[in-house]
Amino acid sequence: MTPNSPQSPILAPSGDVEKPVHQDKPASDRVTLLLVDEASETQRVDNYLAKVLKGVPKSHVYRILRSGEVRVNKKRVTAEYRLQLGDEVRVPPIRMAEAAPKSGLPAVRPKLAEMVIYEDDAMLALNKPAGMAVHGGSGISLGVIEQLRLERPQAKFLELVHRLDRETSGVLMIAKKRSALTALHEAMRQHKMDKRYVMMVQGQWLETKKKVILDLQKYVTESGERRVHVVDQPLLNNQPGGRKSLKSAGVIAQQQASKGRFEVETQVSETWFYLQEALGQYSLLQAKLITGRTHQLRVQLAHLGFPILGDDKYGDFTLNKQLSKQRLKRMYLHSSETRIAHPLTGEPLHLVAPLPAELDTFLQHQRQLNIK
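Rules and cut-offs
Residues numbered from 1 in each chain as written. Predicted model: local features only at pLDDT ≥ 70, side-chain atom pairs only at ≥ 80, totals over all residues. Heavy atoms only, no water. Helix = DSSP H or I, 4+ residues; strand = E, 2+ residues; numbered from the N terminus. Buried < 20%, exposed > 50% of the residue type's maximum accessible area, 1.4 Å probe, protein only. Areas by Shrake-Rupley, 256 points an atom, 1.4 Å probe, with all protein chains shown as cover. Contact = heavy atoms within 4.5 Å. 1 Å grid on protein atoms, 1.4 Å probe; cavity = no way out; pocket = protein on both sides within 12 Å on 5 of 7 lines; lining within 4 Å. Points joined across faces, edges and corners; volume = space filled by probe spheres on them. Nonpolar A, V, L, I, M, F, W, Y, C, P; charged D, E, K, R; others polar. Salt bridge = Lys/Arg side-chain N within 4 Å of Asp/Glu carboxyl O. Expected span 1.5 Å × (residues − 1). pLDDT = per-residue confidence, 0-100. Core = buried A, V, L, I, M, F, W, Y, C linked by side-chain atoms within 4.5 Å. Pairing = 2+ DSSP bridges. Polar contact = N/O pair within 3.5 Å; in protein donor to acceptor, adjacent residues only side chain to side chain.

The next thing to look at is the overall build of the chain. Scanning the chain for helices and strands turns up seven helices and 19 strands. Looking at the chain residue by residue over its 372 residues, the buried ones come to 45%. Accessible surface computed for the chain: about 20300 Å², of which carbon and sulfur atoms make up 50%.

Below you can see the structure in the form of structure tokens.
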């Protein structure tokens, strides 16, 4: 069987002519027994089959599950069954058309090796540069995760633990085992991750420490661009037009046609902000995320009247043009450090991404300007 076949797959007859054999990939002419490794541990069996039977429609996957042709440890299972390390998965014969051989593939140029700030058998952390998306899509052919998989073709499992905006630099965690991914996601849900950002904003921030809680809602502009805004007066569940939220705090914003088409749900965003340094007309802040909503820091700060310097979506566009002449050609937002327990050993991890040179240069310049 060749993965990624461009033609429709064909399921071979289900009758077991030969004795099942253990091998790494399903076979086309006999029943195969696959052993679940750490990369697939805790994964649902339907998603596991979709991975190992690349190109086979999900309808076929669910059909062989329902019929009992797929078994785990010699027992029938439902699609929701989560695999355990060492499980034996029986897969019926699957025949797929051969894919055309690929030739003339360009060599993959390593881009991410020098960005690694931590790595072991379970996970790795990168200091992601600004301007690089974490995943492909929307006109972006390769993001961090696709590039990493190309650079490490031998890796069995590489998945993003979380995301960073394309314009944001700093700590980005990637799991190398499914068990690590599951543990890190659980830590994030239980707020056991201390994630810090540094940003420079327009204006004089006066409070040493400030907690900000705001309801955010995504919407689509008339041009089709996805944005986020703060909901000032949300409808409550018991108000006319209110409807219970399925995702968060149970509030829905009123339709505002002039701003575009709103999605149904709103999400509560929560951040602690700390003043690090007053720099005249600007302020250097540190933020501790409690929640991790889309564009959370950018939208919260813009709403409070302290837009992040260089923010091309929610910032001061006139000021941004002036800053670009002062060599600040990116958003001043950096994921500086993350503290979390190691997903498998429980040992404390402190992941630190140094401030990028362009941000440090701008900071030093502002300090010089404000020396009295």
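Following the structure, the description resumes.
Along helix H5 (residues 296-304), the positions that sit buried rather than exposed are Gln 296, Leu 297, Arg 298, Val 299, Gln 300 and Leu 301. Those residues of H5 hidden inside the fold are in contact with strand S12 (194-202), strand S13 (209-220), strand S14 (226-230), strand S16 (267-279), strand S17 (282-289) and strand S18 (333-341). Of the residues flanking the end of H5, it is Gly 305, one or two places downstream, whose phi is positive at about 90 degrees.

Our focus in this paragraph is the layout of surface pockets. Its volume calculated, the largest pocket comes out at about 1700 Å³. As for the largest pocket, its lining consists of 42 residues, and the residues nearest its centre are Arg 163, Leu 164, Asp 165, Arg 293 and Thr 294. Every element with two or more residues in the lining of the largest pocket is listed here: helix H4 (178-189), S12, S14, S17 and H5. Per-class residue counts for the lining of the largest pocket are 14 nonpolar, 13 polar and 15 charged.

In this section: the pattern of salt bridges. Applying the stated rule across the entire model yields 15 salt bridges. The salt bridge involving Glu 119 is made with Lys 176; its shortest N-O contact spans 2.8 Å. Placement of Glu 119 in strand S8 (residues 116-119) and of Lys 176 in the loop between strand S11 (169-175) and H4 is noted, with a sequence separation of 57 residues between them. Judged by its relative accessible area of 21%, Lys 176 falls in the partly exposed class.

Attention now moves to H4. The end-to-end C-alpha separation of H4 is 17 Å, in line with the 16 Å expected for twelve residues at 1.5 Å each. Residues of H4 that are buried: Arg 178, Ser 179, Ala 180, Leu 181, Leu 184 and Ala 187. On its buried side, H4 packs onto strand S9 (123-128), strand S10 (159-160), S11 and S18. Just downstream of H4, His 191 is the residue with a positive phi angle, here 60 degrees.

With that settled, the discussion passes to the confidence of the model for the chain. Low pLDDT means the predicted coordinates in that region are not meant to be read closely. Across the chain, the average pLDDT comes to 82, with 79% of residues at or above 70. pLDDT under 50 marks residues 100-105. Its contacts with residues more than four places away, or in other chains, come to zero contacts. For residues 235-264, every residue scores under 50 in pLDDT, and the model assigns this stretch 57 contacts once sequence neighbours within four places are set aside.

Counting 35 residues, the largest nonpolar core has Ile 174, Tyr 197, Met 199, Phe 273, Leu 297 and Leu 301 as the members making the most contacts within it. Elements supplying a minimum of two residues to this core: S9, helix H3 (144-151), S11, S12, S13, S14, S17 and H5. Residues contacting Tyr 197, with those up to four places away along its chain left out, are Leu 164, Thr 168, Leu 285, Gln 286, Ala 287, Leu 289, Leu 297, Leu 333, His 334, Ser 335 and Ser 336. With 19 residues, the next largest nonpolar core counts Val 36, Val 52, Ile 64 and Val 91 among its residues.

This part covers unusual backbone geometry. Backbone geometry places Asn 73, a non-glycine residue, at a positive phi of 55 degrees. Of note, the phi angle at Lys 74 is positive, near 70 degrees, even though the residue is not glycine. With respect to the helices and strands, the residue Lys 74 is situated in the loop between strand S4 (71-72) and strand S5 (75-76). Using a relative accessible area of 70% as the deciding quantity, one classes Lys 74 as exposed.

So, on to the pairing of S17. A large share of S17 lies buried, amounting to seven of its eight residues. One ladder, built from seven bridges, connects S12 with S17; its direction is antiparallel. Its bridge partner lying in S17, Val 201 is registered against Ser 283. In the sheet, S16 pairs with S17 via eight bridges, with the strands oriented antiparallel. Bridge pairing in S17 links Leu 279 to Tyr 282.

The next point concerns the side chain of Asp 311. The residue Asp 311 is located in the loop between H5 and helix H6 (317-324) in this model. At a separation of 2.9 Å, a polar atom in the side chain of Asp 311 contacts the main-chain amide nitrogen of Lys 313. Residue contacts for Asp 311: discarding those within four places in its chain leaves Arg 298, Phe 317, Asn 320 and Met 331.

On to the side chain of Ser 169. Within the secondary structure, Ser 169 sits in strand S11. Under the relative-accessibility criterion, Ser 169 is labelled buried at 1%. A polar contact is formed between the side chain of Ser 169 and the side chain of Arg 330, at a distance of 3.0 Å. When near neighbours in sequence (up to four residues on either side) are disregarded, Ser 169 contacts Lys 128, Pro 129, Ala 130, Leu 164, Arg 330, Leu 333, His 334, Ser 335 and Pro 356.

We now examine the pairing of strand S6 (residues 88-91). Both faces of S6 are covered, namely the face carrying Glu 88 and Arg 90 and the face carrying Val 89 and Val 91. In terms of strand pairing, strand S3 (residues 32-35) meets S6 through four bridges, oriented antiparallel. Of the residues in S6, the one forming a bridge with Leu 34 is Val 89.

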